[in-house]
Amino acid sequence: MTGSAELQRFLAHAVELEEEAMTRYQELAEALRAHNNLMVAEFFESMAEEAAKHLAEVREAATDDALPRLAPWEFDWPAEAPESASYEAVHYRMDLRQALELALANERSAGAFYAEFAAATDDEATARLAASYADEEAEHARRLQERLNELPPTSPSQFEDDDPAHSPE
Amino acid sequence: MNAPLKPKDYKSGIKPIWCPGCGHYSVLNAVAKAMAALELSRDDTVLVSGIGCSSRLPAYTDSYGFHGVHGRGLAVAQGLKVARPDLTVITLGGDGDGFSIGGNHFLHACRRNVDITYIVMDNEVYGMTKGQASPTTPIDWDSSKLTPHGPGVRPFKPAAVALATGAPWIARGYSGNPNQIARLLSEAIQHKGFSFLHVLSQCITYCPEQTDWKAIVHEREAEPLTDASEAAALFFAESGFETGLLYHQPRAPWPPQHEQQPASLDDIAERLRV
Ligand SMILES: Cc1ncc(C[n+]2csc(CCOP(=O)(O)OP(=O)(O)O)c2C)c(N)n1
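Residues numbered from 1 in each chain as written. Chains lettered and ligands numbered in written order. Predicted model: local features only at pLDDT ≥ 70, side-chain atom pairs only at ≥ 80, totals over all residues. Heavy atoms only, no water.

Some thoughts on the sheet that holds strand E10 (residues 242-248) of chain B
All names here are of chain B. The strand order E2-E1-E3-E4-E8-E7-E10-E9 describes an open sheet built from 8 strands, whose pairing is mixed. If you trace the sheet from one side to the other, it starts and ends with strand E2 (64-67) and strand E9 (218-219), each paired once. As paired strands, strand E3 (residues 88-94) and strand E4 (residues 117-122) are joined by 5 bridges and run parallel to one another. When the bridges of E4 are listed, Leu92 appears paired with Ile119. The strands touched by helix H6 (residues 178-190) are E3, E4, strand E7 (169-174), strand E8 (195-200), E9 and E10; relative to E7, the strand with the most contacts, the crossing angle is about 165 degrees. Sheet strands touched by helix H8 (residues 228-237): E7 and E10. Its angle to E10, the strand with the most contacts, is close to 155 degrees. (Pairing = 2+ DSSP bridges. Helix = DSSP H or I, 4+ residues; strand = E, 2+ residues; numbered from the N terminus. Contact = heavy atoms within 4.5 Å. Axes fitted to C-alpha atoms, helices over the stretch in contact; angles between N-to-C directions.)

Here we look at the interface of chain B and chain A
Taken residue by residue, the interface counts 42 residues in chain B and 29 residues in chain A. Taken over both partners, the interface formed by chain B and chain A buries close to 2800 Å², and the fraction arising from carbon and sulfur atoms is 56%. It is Pro20, Lys130 and Asn179 of chain B in chain B that bury the most area against chain A; as a group they hold 21% of the surface buried on that side. The residue Lys33 of chain B makes a salt bridge to Glu20 of chain A at a minimum N-O spacing of 2.8 Å. Joining chain B to chain A, the criterion identifies 10 residue pairs in polar contact (both at pLDDT 80 or more). (Buried area = accessible area lost by both parts, 1.4 Å probe. Salt bridge = Lys/Arg side-chain N within 4 Å of Asp/Glu carboxyl O. Polar contact = N/O pair within 3.5 Å; in protein donor to acceptor, adjacent residues only side chain to side chain.)

Comments concerning the environment of Ala41 of chain A
Residue and element names in this part refer to chain A. Within the secondary structure layout, Ala41 lies in helix H2 (residues 38-61). Owing to a relative accessible area of 0%, Ala41 belongs among the buried residues under this scheme. Distance in space between the C-alpha atoms of Ala41 and Leu28 is 7.2 Å, their sequence separation being 13 residues. Apart from residues no more than four positions distant in its own chain, Ala41 is found in contact with Ala29, Leu32 and Arg33. (Buried < 20%, exposed > 50% of the residue type's maximum accessible area, 1.4 Å probe, protein only.)

The quantities given are spatial measurements derived from coordinates; they are silent on function.
So this is what it looks like as structure tokens:
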């Protein structure tokens with residue numbers, strides 16, 4: 001594979017990763033807003049904006065050539081794109097701390113993906129770009145960790161609902 | 001040439017009202033991704049459903065849709081496909097919709113083999129009506145006040161029933177892996193005949209324990225089985241947590257293609273001449 005083909009393949013992955021992260025955060029924000037969990041909805045909205053900014057940056061780097069068109073299952077990740085929030089970690093009663101922890105895990109796995117791509121490629125330009133994206137994700141993670149340090153622990157009764165969803169009959 | 005449509009172009013402007021964390025979001029994303037990957041025309045694709053949280057899905061896509069009667073999605077979908085074979089017809093619903101009230105339609109849809117795809121979003125519970133046991137609920141699931149000691153009935157085995165009644169294409173996906181669902185769905189749509197895609201789709205609200213599925217669900221490594229007896233052995237013994245295309249044995253879809261063309265009006269007039 002030529003250097004530029006490798007770069008295009010990398011950028012195709014980066015576009016998908018950021019686009020999936022943005023879409024998932026938007027989806028979660030809408031769902032939490034519909035369930036009146038406004039603090040977490042707003043946080044996910046801010047994460048969607050952050051991902052949108054990074055997506056725009058990646059798209060700019062990708063303007064030269066048409067990126068390879070891969071089917072969703074042809075990307076080099078085992079299941080979901082690494083920055084997509086996992087459905088298992090979401091709940092209508094989740095608090096801001098849990099939302100931040102989820103976002104932190106997403107940033108870390110995106111960072112790990114970029115760092116691994118940088119280490120595995122023989123193409124210098126791709127390695128440089130992938131490493132710079134890994135650094136950006138590490139910076140996001142650091143900022144999230146700072147915010148997390150200031151938050152109180154999750155209350156043990158967080159998931160207790162005064163008006164439980166289960167049918168009372 | 002127009003740029004190919006993206007998955008988001010296959011979604012409607014209506015926002016889902018599912019609970020945050022519901023597995024059905026993942027199926028919606030997979031449907032949009034499969035439609036984009038196959039470049040399906042939104043005007044020639046119809047999503048048909050029954051009733052339930054899962055059955056709301058057609059409203060969230062930008063193609064034709066029919067939100068039908070509880071358990072009757074398959075009946076509508078088969079009629080539509082037979083009348084309009086040029087359309088791509090996808091039926092969706094929940095385990096309650098498809099295996100309880102719609103159970104009889106499920107048996108005969110597998111047997112009849114009309115060229116449609118059927119996705120069951122199985123959360124082992126009646127979500128929409130607030131968490132009662134369904135045919136796939138574990139025997140000892142005691143979270144509903146209606147069945148405080150668990151339903152006490154062995155759960156239904158969807159893949160085994162589909163096989164026994166003649167389904168030629170049987171696969172299983174998991175909401176934790178929407179890209180795999182999208183791949184399986186795109187294969188299902190391309191399969192000529194009835195394709196049954198069983199999706200383990202977690203209900204985070206009534207069955208929060210289903211978040212444990214992530215650790216146990218795994219992809220079956222072997223090739224899909226083509227021998228029905230081997231598939232029967234697998235489907236009776238398995239845990240139900242293996243994903244992938246499990247069984248594939250194509251057979252001619254219904255209605256049969258008769259070689260003899262229907263007689264023209266002139267032929268009939270000729271035959272009836274006295
Ligand atoms: C004829 C009829 N009987 C009963 C109902 C009540 N009902 C609505 S949805 C539903 C079950 C839904 O469960 P499932 O199909 O598993 O979908 P989920 O909501 O879990 O996605 C029932 C029993 C109905 N709408 N119509």
